[in-house]
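These are the residues of each chain, in order.
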Amino acid sequence: MAFDFDFELLCELTEANGAAGYEDRIRDIVRRELEDEVDELHTDAMGNVVGTIEGSEDYDVAVAAHMDEIGFMVRHVNEDGFVSLDALGGWDSRVLRAQRVVVHAEGGDLPGVIGSVPPHLLDGDEEEEDVEDIYVDLGLPADEATERVSVGDIVTMEQTTRKVGENVSGKALDDRVCLFAMLEAAKRIEDPDATIHFCATVQEEIGLRGATALGVDVDPDLAVALDVTVANDFPAVKRERDYVTSLGDGTAIKLKDGSVVTTPKVHRRMRSLAEARDIPYQLEVLPSGGTDTAGFQNTYGAKPVGAISIPTRYLHTVTESANGDDVSATIDLLTAFLETEDGEHDYAL
């Protein structure tokens, strides 16, 4: 299947490494892609990137997608040269064994592996491990490892992005696939009525921090966030009600998650617009988890907010998977929403 979007750019975004607070490599890509599409481009003290297209009306819309991925920070290098880690974001330690990683040391990137005890040595009584029990093996002599790696160095997962049938799979689709959708929408927008601020945010995975700051600095009249959402439509999940969303059923219009209830008039307009434009969509009710939507909702006074999500399987692993048509539908709905936002829609409750 050939995707009808820039798959090479999506691969570049997802394969690049940028853990929470250290999004530099992603920021460079975002600035490169936005600089010819916006009227103003700046980066703030936290590292958020904001590209603004000036509109004809006195009305501002912020669109946000986060740049950071979950990763680790080095907390110790032992006398044998093995590296122990502290998590940056929500990891399930079960998925970490036998993975390749990159240690971003001051002298350059170092490849490493998170090892796993061979099954020959297991007796079945092993306790479940936490991230603090994980060690990175750099394959270096102890003295060289301790010399080249320092406490505070960042560690990220190593994985390529590829097509898998009708899907795209790789690491950091959370939230680079939505960041990609935002960049693609920015390239389609011409002469909008509303002023649109395309916000690539930082530190979402550790508390929605970048978006919360931008809620004050940008102070929009309306905010829309983009993020992945749970798609549990695979055999390990038995009850259909636990799927949240399903791959291939379209983009997801968020009604709620663990951090926000979106403004009813905003999500209703999204639904009406999707139906009018024949854009496939599904509704998202996510019991837990949070997104940048909440960062904007009440940071600097009450704001109407909406959110568009891309259904994704296997979240917070290196094999996150999204459907190509769902990605296209997300770009289409976001573009349509922004092109028709003129400040005349009454979102007050």
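Now for a look at the structure at hand. Sequence order as written defines the numbering, with residues in each chain counted from 1. At least 70 in pLDDT is required for a residue's local features to be given in this predicted model, at least 80 for side-chain atom pairs to be given and counted, and no such filter applies to totals for whole chains, interfaces and linings, which use all residues. Hydrogens and water are ignored here; the side-chain numbers use all heavy atoms of the structure.

1. What to know about the packing of aromatic side chains
Inclusion rule: For this analysis, a ring pair means two rings from Phe, Tyr or Trp (six-membered ring only for Trp) whose centres lie within 6.5 Å, classed as stacked if their planes differ by under 30 degrees, edge-to-face if by over 60, and tilted for the remaining angles. Relative accessibility under 20% of the residue-type maximum defines a buried residue, over 50% an exposed one, and the middle range a partly exposed one, all with a 1.4 Å probe and only protein chains included. Only when the NZ atom of a Lys or the CZ atom of an Arg is both within 6 Å of the ring centre and within 35 degrees of the ring normal do we say a charge sits over the ring.
A complete count under the given rule lists 5 aromatic pairs for this structure. A centroid spacing of 5.1 Å and a plane angle of 10° characterise the contact between F3 and F5, whose relative ring orientation is stacked. You can call F3 buried: its relative accessible area is 10%. A relative accessible area of 11% means that F5 is categorised as buried. Among the aromatic residues, those joined into a ring-pair cluster are F3, F5, F7 and F180. When the ring centre of F3 is taken as reference, the NZ or CZ atom of K163 above it lies at 5.3 Å. The cationic tip of K163 hangs over the ring face of F7; the distance from NZ or CZ to the ring centre is 5.3 Å.

2. Structural notes on the sheet that holds strand β11 (residues 167-170)
For the record, the criterion: Should DSSP find at least two bridges between two strands, the strands are taken to pair. Only runs of H or I of at least four residues qualify as helices and only runs of E of at least two qualify as strands under DSSP, and these elements are numbered from the N terminus. For helices, the axis comes from a line fit to the C-alpha atoms of the stretch in contact; other axes are also lines fit to C-alpha atoms, and the angle between any two N-to-C directions lies between 0 and 180 degrees. Any two residues whose heavy atoms approach within 4.5 Å are treated as being in contact.
With antiparallel pairing, 3 strands are arranged side by side in an open sheet as β10-β11-β17. Strands at the two margins of the open sheet, each flanked by one partner only, are β10 (162-164) and β17 (320-323). Each strand axis lies, on average, 35° off the axis of its neighbour in the sheet, ignoring direction. Taken together, the 4 bridges between β11 and β17 define a ladder with antiparallel strand orientation. Following the sheet pairing, G170 is matched in β17 by E320. Against the sheet, helix α4 (residues 173-188) makes contact with β11 and β17, and its axis sits at roughly 30° relative to β17, the strand it touches most.

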